Amino acid sequence: EELQPFLDDETEPPPELMAKIMCRVAKLDFESLPTAQQKRWMGLCDSFTQGPTKTLNNVWRSNAYSKEEADGDGGCLYDLACRANHSCSPNMKHSHEGDSIVLVAREKIAKGDELCSSYLAECLDPKRSTSSRRKLLRARYNFDCACARCGAPASTAEGRARAAAAVTVAVS
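Residues numbered from 1 in each chain as written. Predicted model: local features only at pLDDT ≥ 70, side-chain atom pairs only at ≥ 80, totals over all residues. Heavy atoms only, no water.

Before going further, it helps to spend a moment on the overall build of the protein chain. When helices and strands are tallied, the protein chain shows 8 helices and 6 strands. Along the protein chain, helices and strands appear, N-terminal first, in the series α-α-α-α-β-α-β-β-β-β-β-α-α-α. Classification of the 172 residues of the protein chain by burial places 32% in the buried group. A sequence separation of at least 24 residues applies to 41% of the contacts in the protein chain between residues at least 6 apart. In the structure as shown, the protein chain presents an accessible area of about 10700 Å², 54% of it carried by carbon and sulfur atoms. (Helix = DSSP H or I, 4+ residues; strand = E, 2+ residues; numbered from the N terminus. Buried < 20%, exposed > 50% of the residue type's maximum accessible area, 1.4 Å probe, protein only. Contact = heavy atoms within 4.5 Å. Areas by Shrake-Rupley, 256 points an atom, 1.4 Å probe, with all protein chains shown as cover.)

Here you go:
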């Protein structure tokens, strides 16, 4: 019903409306899941809710992988894959194959190393500044990135070395 005006004239609905609709779809999917999987979903991060009570909408917003770059179908919540933290110089990359997600190492990962993927493709752009990446991540996921690429100020030798190493990984 809310989408009808956009279907009639083939214009894009506003992002807020699409987010609202995707959350409704997620709720329907959630209600069809076995109780154990519902508990796993609700055990995921909710980076938007203030206070102790998580909401399904905000768990979805905090964890769903975008499939738009793959096939335009919106997002999916993979309860294991989404436990990987974000990095602007990730050691894993992801791709979608049908309803599945495939995670592949971008480099050799030592036992005990944290597994990280980039939540946004824009963060892999070697020309994008730290402040620009942080602004995107704050708007979409409500956190300030402190990964190796963002963590040390570029004005220090350590920061320049981290940024150079991160860009090498990001473009390979």
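So, on to the environment of Val-59. Structurally, the position occupied by Val-59 is in helix α4 (residues 56-63). Classification of Val-59 by relative accessible area gives buried; the value is 1%. Every residue in contact with Val-59, bar those within four places of it in the chain, is listed here: Trp-41, Met-42, Leu-44, Cys-45, Asp-46, Lys-54 and Leu-77.

Scanning the model with the defined rule gives 2 salt bridges in all. The shortest N-O distance in the salt bridge between Arg-40 and Asp-79 comes to 2.7 Å. Residue Arg-40 is located in helix α3 (residues 35-42), and its partner Asp-79 is located in the loop between β2 (75-76) and β3 (85-86); the two are separated by 39 residues in the primary sequence. Owing to a relative accessible area of 12%, Asp-79 belongs among the buried residues under this scheme. For the salt bridge of Asp-144 with Arg-138, the shortest nitrogen-to-oxygen distance reads 2.8 Å. According to the relative accessible area criterion, Arg-138 is partly exposed, its value standing at 34%. (Salt bridge = Lys/Arg side-chain N within 4 Å of Asp/Glu carboxyl O.)

The subject of this paragraph is the nonpolar core. Across soluble globular proteins, nonpolar side chains show a tendency to be buried alongside one another. In terms of nonpolar packing, the biggest core is built from 16 residues, with Trp-41, Trp-60, Tyr-65, Leu-77 and Tyr-78 touching the most fellow members. Secondary structure elements with two or more residues in this core: α2 (15-31) and α4. No other element matches the 3 residues that α4 contributes to this core. Setting aside anything within four residues of it in sequence, one finds Trp-41 in contact with Ala-26, Phe-30, Leu-33, Leu-56, Val-59, Trp-60, Leu-77 and Asp-79. In this structure, Cys-123, Leu-137, Tyr-141 and Cys-147 belong to the second largest nonpolar core, which totals 8 residues. (Core = buried A, V, L, I, M, F, W, Y, C linked by side-chain atoms within 4.5 Å.)

It is worth spelling out the side chain of His-86 at this point. Along the polypeptide, His-86 turns up in strand β3. Looking at His-86, the relative accessible area reads 9%, which means it is buried. From its side chain, His-86 meets the backbone nitrogen of Tyr-119 in a polar contact 3.0 Å long. The contact partners of His-86, leaving out residues within four places of it in the chain, are Cys-116, Ser-117, Ser-118, Tyr-119, Cys-123, Leu-137, Phe-143, Cys-145 and Cys-147. (Polar contact = N/O pair within 3.5 Å; in protein donor to acceptor, adjacent residues only side chain to side chain.)

Sheet topology places strand β4 (residues 92-97) next to strand β5 (residues 100-105); 6 bridges connect them, and they run antiparallel. Looking at the pairing, Lys-93 lines up with Val-104 of β5. Between β4 and the antiparallel strand that follows it, β5, lie 2 residues; Gly-98 among them carries a positive phi value of about 65°. (Pairing = 2+ DSSP bridges.)

Now for the packing of aromatic side chains. Throughout the structure, instances matching the rule amount to 5 aromatic pairs. When the ring of Tyr-119 is compared with that of Phe-143, the centres are 6.0 Å apart and the planes differ by 80°; the resulting orientation is edge-to-face. Of the two residues, Tyr-119 is situated in the loop between β6 (116-117) and α6 (130-141) and Phe-143 in the loop between α6 and α7 (148-151); the sequence distance between them amounts to 24 residues. A relative accessible area of 23% means that Tyr-119 is categorised as partly exposed. (Phe/Tyr/Trp six-rings, centres within 6.5 Å; stacked < 30°, edge-to-face > 60°.)

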